[in-house]
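So the chains spell out like this:
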Amino acid sequence: MKTVSRLIQQFIPDHYQLSLTLDRKGRAFNGLMTMSGTSVGDSNKITVHAKDITIESATVDGKLASFSAGENDELTITVPSSQQGAHIVVIAFNGTITDAMHGLYPCYYEHDGVKKELLATQFESHHAREVFPCIDEPEAKATFDVTLTTEQGTTVLGNMPVKQQNIQNDLLVTTFDTTPRMSTYLLAWVTGELHRKTATTKSGVEVNIWATPAQPASGLDFALDIATRTIDFFDEYFDTKYPLPKSDHVALPDFSSGAMENWGLITYRETTLLADPASTSISSQHYIATVIAHELSHQWFGNLVTMEWWNNLWLNESFATLMEYVAIDALHPEWNIWLDFSTTESIMALRRDAIDGVQSVQVDVHHPDEIGTLFDGAIVYAKGARLLRMLQHYIGHEAFQTGLKTYFAKHAYKNTVGDDLWQALSAASGKDITDFMNTWVTQSGYPVVSATEKDMTVKLTQRQFFIGPHNDSDKVWPIPLNSSCTQMPEILVEREVAIERTHTNGLRFNVGDSAHFITHYDSALLRQIIDEIHAGNLTPLDRLQLLNENTLLARAGIIASAELIPLLGAYRSEQTEAVWDIIAMTIGELKKFVENDDISEKQLRTLSASVARAQYERLGWKTKAGELESDTKMRSTILGLMLYGEYPEAIKTAIDLYHATPIEQLDPELRPLIISTTVRHGGDDAIIDQLVAKHKATSSAELQIDIASGITSTKTPERISAILDMIKDETIVRPQDAARWFVWTIRGREGRPLAWQWLQDNWPWVLRTFKGDKSYDDFPRYSANSLVTRQQLDEYRAFFEPMKDIAALSRVITMGISEIEGRVELIERDRPAVREALAKL
């Protein structure tokens, strides 16, 4: 693909004056953009970005100028007089408001039976150009004066506080204070009917949580508390005050991403901001807290200091992912949030980063169509956060924090590359961070360290870890071993090393799960670690890490999948919620080996119920007065294992609860399980129809998710087909939720073939609805997560390979083929032994 020109190399903007009139009902807008800056290239030409907008006129320095459209969203203006230096460019333009959830778009909701709308923006990564002409690149920072003309009777929000509002020609004209220097992708506004709750930080920043009137006021309190205290925390941690006078957080009914860090005006899905105490689970509250902290950390990482170009997107997202856990751990240490880090970010990163062809954390970007492919949550977010967590442990928390303070002080309101951060951390720690970290962020994949011991000599070997087909790799990493044995080296830089040790205590590596590698222990070393589990000597993090790493080794064929079955026996007395998440995941790993074998599947179900039985009897179905939040969260995992085990009492209780309790009053921790169990075991068409009607009627996004999770569990082919057809019906499924419905349908054995065929038949709809959005590659990615047969592999290859020349899909298709191929080979290789092991239980 052709490399696009960087427009900042020919014109450096300094300030924009932007005036826009928004005609919501007419689905149109028009505006005037005045850009002052400096020409540094060909003095006869100034080129800006403009996409899908009509240019009415252009002047340069007060003189009418000619203009022409070019490739790659470029609009070239001919300067009337040839002169380098300062210029003022004025462009009049107009455009159309569309339902695509980028640029400027409407959000739909219903309140008291009346259909209503908001208007909102989404400019990341390169969608500002769809609303006004600009230099739409991260490095092209400028200040902005924005004036919006809208209908009366609406709230109008922007990045900055309102400077002035008045009525002109029966329209509301709102002018905002001037922004600090910022990138175009962070500009934002929201208009419509909204209500809010307000608090103030210790430093005087006004914090507002906004939602449509369809959402109860009680749902804003949790977010307000978290947002206010998080800003206070970051003010102190970064030793750099939040740089704006206000921090608005807006829940949008329609939003493609989870949230967006627009400076001073953060936008969210309703499910990632609102927490109604009557219907929101503890798990959802914890998730909402981390999302808010993530977006607020961006106000420093990404907004105050911004990556120079998209190849350094990790400077934004990896750090924000790490800092969301740092902040929430400080605010709520009782949540043990770092266990969640290991059961979410770590697992996601380790699984995807093991597939050959995966991107590295830092990736070259040559064309805007490639930018969307960067937002891989498993790599730029999760893996990047693991690498920064590794660095934090390697240099020490104090040096890490000191380096960040220096980084912000030096680069505020500027742009940086990765080495700028490494230099600040090197200076703070006295260690050479640049070479150490560049190896990790520029190389894809990660190592497995094989540990064997003979005659008190430990042999360590590192090699790249792969799941599925791959080419041989000669990569080597500098690995912080974090060993329980002080005689082991701090960093493993060699491919192979032998170390003598003088004692036989249990030997473990990557203690604390703080580095990005896994360990394959020989049988004797593994037995010592399992003995420590039985003796109660390992922490919950150690226990979940061991089980997770063994599931990865099984996926790779380094150990047999059947070995996971006896390993589960070491966890029967487990009482920690995060570890039970991995136990459930491990049983889930075994399900693919017993499909289409009723006897083996029954044996696995029996194992599931047997493993969970003790905790089921301890926890039961009802929350006990004063019980730990972790037990409340764990109950759903335990019940899920019992229900998969088809334990009659559990199934009956779930169905009875469904019929005896209004759906809104069901325990939000258990509601998805109760609904799905009723649909699978006691449901008929009438129940699903009732659930669909409730889904359409409720304004609770969390209840909608729970219903969708439940009804997509049906085993009936006719109902599965009907549910798949609903995905395209926007009166039932919002486009932002389409991928979720698809994933939940294709995950099940009964739904998989129908959902896969539906995707192939309806690809033109996917293309029309999601092309140009960051979620465009969700469908090939998630279908690859679920397909399990060689026939499905051939079908996937035949369907998607012709699309590999599409930049937004190329990598995900290549990886999808490898992922399915690896899974098919694993099933064919390990299925007989897994079934044999189950038969011996």
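See the structure printed just above.
All values derive from a computational prediction rather than experimental measurement. Note that residues are indexed from 1 along each chain, following the sequence as it is written. With pLDDT at 70 or above as the cut-off, local features in this predicted model cover only qualifying residues; side-chain atom pairs require 80 or more to be listed or tallied, and sums for whole chains, interfaces and linings still use all residues. Think of the side-chain values as coming from all heavy atoms in the structure, minus any hydrogens and water.

So, the overall build of the protein
Starting at the N terminus, helices and strands are each numbered in turn, a helix being any DSSP run of H or I of at least four residues and a strand any DSSP run of E of at least two. Scanning the protein for helices and strands turns up 26 helices and 28 strands. In summary, the protein has a C-alpha radius of gyration of 28 Å against a globular reference of 28 Å for 841 residues, a match within 12%. The principal-axis extent of the C-alpha atoms belonging to the protein is close to 85 × 65 × 55 Å. The rule is simple: take the accessible area with a 1.4 Å probe, protein chains only, and divide by the maximum for that residue type; under 20% is buried, over 50% is exposed, in between is partly exposed. A total of 841 residues make up the protein; the buried ones form 60% of that total. A separation threshold of at least 6 residues defines the contact pool for the protein, and within that pool the share at least 24 residues apart is 70%. What sets the accessible areas is the Shrake-Rupley method with a 1.4 Å probe; for residues, cover comes only from the shown protein chains. For the protein, the exposed surface amounts to about 31100 Å²; the carbon and sulfur share of it is 48%. The positive count covers Lys and Arg only, the negative count covers Asp and Glu only, and His and the chain ends enter neither. Charge positions are represented by NZ for Lys, CZ for Arg, CG for Asp and CD for Glu. In the protein, 77 side chains carry a positive charge and 112 a negative one; their mean positions are 3 Å apart. With C-alpha atoms as the basis for the radius of gyration, the globule rule is written as 2.2 Å multiplied by the number of residues raised to the power 0.38. The contact definition used throughout considers only heavy atoms, calling two residues in contact when any of these lie within 4.5 Å.

A closer look at the sheet that holds strand β1 (residues 11-23)
DSSP bridges decide pairing: two strands pair if at least two such bridges lie between them. As summarised here, the arrangement of the eight strands in space is β5-β4-β8-β2-β1-β11-β14-β13, forming an open sheet in which the pairing is mixed. The open sheet has two edge strands with one neighbour each: β5 (63-64) and β13 (162-168). Pairing analysis gives twelve bridges linking strand β2 (residues 28-39) to strand β8 (residues 85-96), with the strands arranged antiparallel. Paired with alanine 28 across the bridge in β8 is threonine 96.

So, the nonpolar core
The criterion is simple. A nonpolar core is a set of buried Ala, Val, Leu, Ile, Met, Phe, Trp, Tyr and Cys residues joined through side-chain atoms within 4.5 Å. In terms of nonpolar packing, the biggest core is built from 286 residues, with Phe132, Trp189, Trp310, Leu391, Trp422, Leu460 and Trp763 touching the most fellow members. In this structure, tryptophan 763 is in contact with Tyr776, Phe779, Pro780, Phe799, Phe800, Met803 and Leu809, ignoring residues within four places of it in sequence.

Here we look at the side chain of glutamine 299
Mapping glutamine 299 onto the fold places it in the loop between α2 (282-298) and β21 (305-307). Among all residues touching glutamine 299, those that are not within four sequence positions of it are Tyr242, Pro243, Glu261, Asn262, Trp263, Gly264, Ile266 and Leu304.

Examining the packing of aromatic side chains
We call Phe, Tyr and Trp rings a pair once their centres come within 6.5 Å, taking the six-membered ring for Trp, and we label the pair stacked below 30 degrees between planes, edge-to-face above 60, and tilted otherwise. Summed over all chains, the structure comprises 42 aromatic pairs. With centroids separated by 4.8 Å and ring planes inclined at 65°, the aromatic side chains of phenylalanine 238 and phenylalanine 408 adopt a geometry described as edge-to-face. Residue phenylalanine 238 is found in the loop between α1 (221-237) and β18 (246-252), and its partner phenylalanine 408 is found in helix α7 (residues 397-411); the two are separated by 170 residues along the sequence. On the basis of relative accessible area, phenylalanine 238 is assigned to the buried category, the value being 0%. Judged by relative accessible area, phenylalanine 408 falls into the buried class, the value being 1%. Taking the centre distance of 5.9 Å and the plane angle of 65° together, the rings of tyrosine 242 and tryptophan 300 count as edge-to-face. Here tryptophan 300 lies in the loop between α2 and β21 and tyrosine 242 lies in the loop between α1 and β18, a separation of 58 residues in the sequence. You can call tryptophan 300 buried: its relative accessible area is 0%.

Points about the environment of glycine 41
If you trace the backbone, glycine 41 turns up in the loop between β2 and β3 (45-49). A relative accessible area of 21% means that glycine 41 is categorised as partly exposed. In sequence terms glycine 41 and glycine 85 are 44 residues apart; their C-alpha atoms lie 9.5 Å from each other.

Quick word on α1
Given a rise of 1.5 Å per residue, 17 residues ought to cover 24 Å, and the 24 Å separating the end C-alpha atoms of α1 matches this to within 8%. Of all 17 residues in α1, 13 are buried, a share of seventy percent or more. Following α1 by one or two positions, aspartate 239 adopts a phi angle in the positive range, close to 55°. Helix span is expected to be 1.5 Å times the residue number reduced by one.

Digging into the packing of helix α18 (residues 685-697) against helix α19 (residues 701-711)
Helices that pack against each other are described as a pair by the angle of their axes relative to one another and the distance between those axes. Comment: axis = line fitted to C-alpha atoms, over the contacting stretch for helices; angle = value between 0 and 180 degrees taken between N-to-C directions. Interhelical geometry of α18 versus α19 gives an angle of 155° and a closest axis separation of 9 Å. When the axes of α18 and α19 are compared, the pair comes out roughly antiparallel. Once α18 is placed against α19, the crossing between them reads as left-handed. Contacts between α18 and α19 involve Ile688, Leu691, Val692, Lys694 and His695 from the former and Leu703, Gln704, Ile707 and Ile711 from the latter. Grouping the amino acids of the contact of α18 with α19 by side-chain chemistry returns six nonpolar, two polar and one charged. Just so you know how the angles are binned, under 35 degrees is roughly parallel, over 145 roughly antiparallel, 65 to 115 roughly perpendicular, and the rest oblique. Each crossing is labelled by how the near helix is turned from the far one, with a counterclockwise turn of less than a right angle marking it left-handed and a clockwise turn marking it right-handed. Following the grouping adopted for this structure description, the nonpolar residues are Ala, Val, Leu, Ile, Met, Phe, Trp, Tyr, Cys and Pro, the charged ones are Asp, Glu, Lys and Arg, and the polar ones are all others, Gly among them.

Some remarks on the pattern of salt bridges
Every case where a carboxyl oxygen of Asp or Glu lies within 4 Å of a side-chain nitrogen of Lys or Arg is listed as a salt bridge. Summed over all chains, the structure comprises 52 salt bridges. For arginine 749, the salt bridge is made with glutamate 601, and the minimal N-O distance between the two is 2.8 Å. With arginine 749 in the loop between α21 (738-746) and α22 (752-761) and glutamate 601 in helix α14 (residues 598-619), this residue pair connects regions lying 148 residues apart in the sequence. Of the residues examined, glutamate 601 reaches a relative accessible area of 10% and is grouped as buried. Each of Arg24, Arg27, Glu117 and Glu151 takes part in salt bridges that share partners, so that together they form one network.

Section: the packing of helix α6 (residues 377-395) against helix α8 (residues 418-429)
Where α6 meets α8, the axes come as close as 11 Å, and the angle between the chain directions of the two elements is 20°. Classified by the interaxial angle, the pair formed by α6 and α8 is roughly parallel. Remark: the crossing between α6 and α8 carries right-handed chirality. Residue-level contacts link Leu388, Leu391 and Ile395 of α6 to Trp422, Leu425 and Ser429 of α8. Residues belonging to the contact of α6 with α8 are distributed by class as follows: five nonpolar, one polar and no charged.

Details of the side chain of glutamate 130
Here glutamate 130 lies in the loop between β10 (114-122) and β11 (143-150). One buried charged residue, glutamate 130, forms no salt bridge at all, with the nearest opposite charge on lysine 51 at 4.3 Å. Any pair of nitrogen or oxygen atoms within 3.5 Å is treated as a polar contact; in protein, a donor-acceptor pairing is required on top of that, and neighbouring residues in sequence qualify only through side-chain atoms on both sides. Here histidine 102 takes part through its side chain, which lies 2.9 Å from a polar atom of the side chain of glutamate 130. A polar atom in the side chain of glutamate 130 sits 2.7 Å from the side chain of histidine 127. Aside from chain neighbours lying at most four places away, what touches glutamate 130 is Phe29, Lys51, Ile53, His102 and Gly103.

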